[in-house]
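Structural overview
Next come the chains, spelled out residue by residue.
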Amino acid sequence: MQKFGIGQPVRRVEDVRFITGAGAFTDDLNLPGQTIAYMLRSPYGHARINSINTSDALAAPGVIAVITGADLAADGVGTLPCVTAGVIQNRDGTPITAPDHPALVIDTARYLGDGVAFVIAETLNQAKDAAELIDIDWEDLPAAATIETAEADGAPVIHEAAPDNVCFDWDMGDAAAVDKVFAGAARISKCDVIHNRVIPHAIETRAALGEWNVAEDRYVLRTSTQGANGMRDILAGMILGVGPEKLRIITPDVGGGFGMKTFVYPEQILVLYAAKKLGRPVKWTGERSDSFQSDSHGRDWITETELALDESNHIIGLRIKNRVAMGAYLSQFATFVPSISAGRILGGVYKIPAIHYHCIGVFTNAVPVDAYRGAGRPEAAYIIERAVNQAAIEVGMTQDEFRRINFIGKEEMPYQHPFGFVFDSGDYNTNLDDAMKNADWAGFEARKADSAANGKLRGIGMAYYIECTLGGPSEDAVINFLEDDTVEIITGTMSNGQGHETAWAQLVAEQLGVPFENIKLVQGDTDRVATGAGTGGSHSLYMAAGAFKGTSEKVVDKGKIIASLMLDADKDEIDFDEGLFAARGTNRTVGIMDVAAKARKVDELPGDFQEMFVDGLNSQATYAYETSTFPNGCHICEIEIDPETGNTDIVAYTVVDDFGKIINPILVAGQVHGGVVQGIGQALTEHCVYEPDTGQLLTGSFMDYCMPRADDMPNISFQTNEVLCTTNPYGIKGCGEAGTIGACPSSINAVIDALSGYGVTAIDMPATPLKIWQAIQDGSRQAAE
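Structural notes, computed from the coordinates.

1. Topic: the overall build of the protein chain
The helix and strand inventory of the protein chain stands at 21 helices and 28 strands. A compact globule built from 785 residues would reach a C-alpha radius of gyration of about 28 Å, and the protein chain, at 28 Å, matches this within 12%. Its C-alpha atoms give the protein chain principal-axis dimensions of roughly 95 × 75 × 55 Å. In the protein chain, of all internal contacts separated by at least 6 residues, the share reaching a separation of at least 24 is 80%. Surface summary for the protein chain: the accessible area is close to 29,100 Å², and the carbon and sulfur share equals 50%. Taken together, the 59 basic and 106 acidic charged side chains of the protein chain have centroids lying 3 Å from each other.

The following block contains the structure:
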């Protein structure tokens, strides 16, 4: 085994530059002659622009240009697309409603923060001052910022193309068959939940630096992304109307993404448009208020769930009706997230033979909603795990007992889900056993008694999640051996905090035995990275690993030819192991770096080899996506509540995960820890709130939007059980989103358990101190009556 190979706890090599301030993020980049842009946003949730006058702003000191929606329309700049709009259709077979989403408002602002004018000046302060001089005649319109207000009779119409504010009305599964199952059920358990709207809040705000390269006759965009290639294709072909060769995107270091930096935003379009118009680079960097008002938001669903049980409490049917907020427009993957992405795992890890899922998308006067860490999978896990917990309470079974009798067994793998896909592997009972042991579930009653003696309530909750990872059609990997002995590796994934520079180097070090410290990752530059699906959906590792494996095999195959010359042996008699080529049956060996150096000296090779080795050992391979993987695991949350204040302390948190083969346990633990914190944040503190009938954002800063703090979090007990995936070369399943997926239901189940003495069987996220205190007061009053 390589010292820095697969399975080793190698510390992140990229962290040295990050913690010493040597990282280079988009806002750190500057170009000669660059200008600075500021986005003027709508202060209204819904308003018509009767007129807009920019003359005073244009006359202000330092101002170079003011761009409006009319300018973009006149020049034929395209609108922001929803690339998944055609993936689903309405239940009646008609297309969904997908209105145009202009980069700047043309006549009607549909959410607070909608871009109205893009002001470009020599300095940021000059641009801000000029924005205040833009004279806009606004006509304030009634708004519908929530699902309930948008669905109400007589609700304000957000888009004329959707007079009832319905974007789509879609379903999955056989409704008639499920209805028949419910008609014969011994018991029906109902559980309604709300998935609160949240904001991703990456530590690095969005930024974009646009340039028109006259010499190369093309655009250059430096911006924070989760995949430069996909963004290039959308920006070039769908918006700017040019070929992909006319746009180069460079993504430097990225400070967090969580799905939000996957998408094209208006500012990226505008800096490119303006740079070409002005002949000078244009830079825009978002402030935190821009994040609140314009970064894609997450979640915002209302779900009604029913479980049909037989006489033995086995689940025989699942029926779900879901209403989901789209926001004012459809973001890039908006329709896919609540439909297919969530729908595929709505049954969780349970043997449920009949499932029907009905999903209605609703336009609201709010920021568009799209993928946020998990992209429909956290919502799906929350739905089934809350419903399972509720059913367990109703039938008088413990949380683990009800789950166990309904689990898909290890011996039943591969298991075909009612919706057609196949779970290839998993051992849910073992993971549950280990989690309960690690959490000392058996000792909970004693701890609960101790809490009660101190005037506190104690609760414990579990959740067992499964994730269906998402993948692009393929991933390429390139390995180049440079003159200075650097081993350059190139792939189309994009690290935004996951540690790809370390993990990808471990893969190649394991496969080729090259020195770990010699390996350098190239990513995020469409001139260097020809193709790539970016990073998202927990697919990067198994896709990149498959691609690098294929590339490494090509390197070794070419290396055996050179080694055969160096060792005076036939190619078929050359073996390769841990970086050494050896002539079989002899003690003659040569290292791969020496072979690479020899291969670069093309002129010294026999004539019939020279064409083959024009690029030395450099090689490229493509790994094609075949099927999803299914990470899974058990989360157990233990909390203590002060009944006088409703304050909740998480006193213990336990996770046992099955991610298949682990490449680097340190990186995996870091991903899980971060995901758990984000899930707990949604469960207990975070909530993006709009005033329903005005669309005013009531939680527009960290004064009102409560992010989880370090002292809110306990130490997290974390363990992995490797049950290898059978559908990719290394048995990898993926881990990037798993922590978030399991954390919401386990946390809320723990809160409900703690409040069970007050008759509480449900509480919506976020379970804030006020909400908990109110539930305790209501329970006390009902008991007194």
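2. Topic: helix α21 (residues 769-784)
Here α21 is 16 residues long and its end C-alpha atoms lie 22 Å apart, about the 22 Å a rise of 1.5 Å per residue gives. Where α21 is concerned, the buried positions are I772, A775, I776 and G779. When α21 is viewed along its axis, its buried side chains cluster within an angular range of 100 degrees and face the same direction. Pointing more than 90 degrees away from the buried face of α21 are the exposed residues L770 and A784. In this fold, the buried residues of α21 make contact with β18 (457-466), β26 (632-641), β27 (648-658) and α20 (738-754).

3. Here we look at the packing of aromatic side chains
Enumeration over the complete set of coordinates arrives at 19 aromatic pairs. Arranged with centres 4.8 Å apart and planes meeting at 20 degrees, the rings of F4 and F516 form a pair that is stacked. Of this pair, F4 sits in the segment before α1 (15-19) while F516 sits in the loop between α15 (500-512) and β21 (519-522), and the two are 512 residues apart along the sequence. With a centroid separation of 5.8 Å and an interplanar angle of 15 degrees, the aromatic rings of Y350 and F407 are classed as stacked. Of this pair, Y350 sits in the loop between α10 (337-343) and β15 (355-363) while F407 sits in the loop between α12 (399-406) and β16 (415-416), and the two are 57 residues apart along the sequence. Using a relative accessible area of 3% as the deciding quantity, one classes Y350 as buried. Here F407 falls in the buried class, since its relative accessible area comes to 3%. Three or more aromatic residues joined by ring pairs form one cluster here, namely Y350, F407, Y428 and Y464. One cation-aromatic arrangement involves K276 over W212; the distance from NZ or CZ to the ring centre is 4.4 Å.

4. Quick notes on the sheet that holds strand β4 (residues 108-109)
As summarised here, the arrangement of the 3 strands in space is β4-β2-β6, forming an open sheet in which the pairing is antiparallel. Lying at the two open borders of the sheet, with one neighbouring strand each, are β4 and β6 (135-140).

Thresholds, definitions, all that
- Residues numbered from 1 in each chain as written.
- Predicted model: local features only at pLDDT ≥ 70, side-chain atom pairs only at ≥ 80, totals over all residues.
- Heavy atoms only, no water.
- Helix = DSSP H or I, 4+ residues; strand = E, 2+ residues; numbered from the N terminus.
- Rg over C-alpha atoms; globule rule 2.2 N^0.38 Å.
- Contact = heavy atoms within 4.5 Å.
- Areas by Shrake-Rupley, 256 points an atom, 1.4 Å probe, with all protein chains shown as cover.
- Lys, Arg positive; Asp, Glu negative; His and termini not counted.
- Charge placed at Lys NZ, Arg CZ, Asp CG, Glu CD.
- Expected span 1.5 Å × (residues − 1).
- Buried < 20%, exposed > 50% of the residue type's maximum accessible area, 1.4 Å probe, protein only.
- Arc of directions from axis to C-beta.
- Phe/Tyr/Trp six-rings, centres within 6.5 Å; stacked < 30°, edge-to-face > 60°.
- Lys NZ or Arg CZ within 6 Å of the ring centre and 35° of its normal.
- Pairing = 2+ DSSP bridges.

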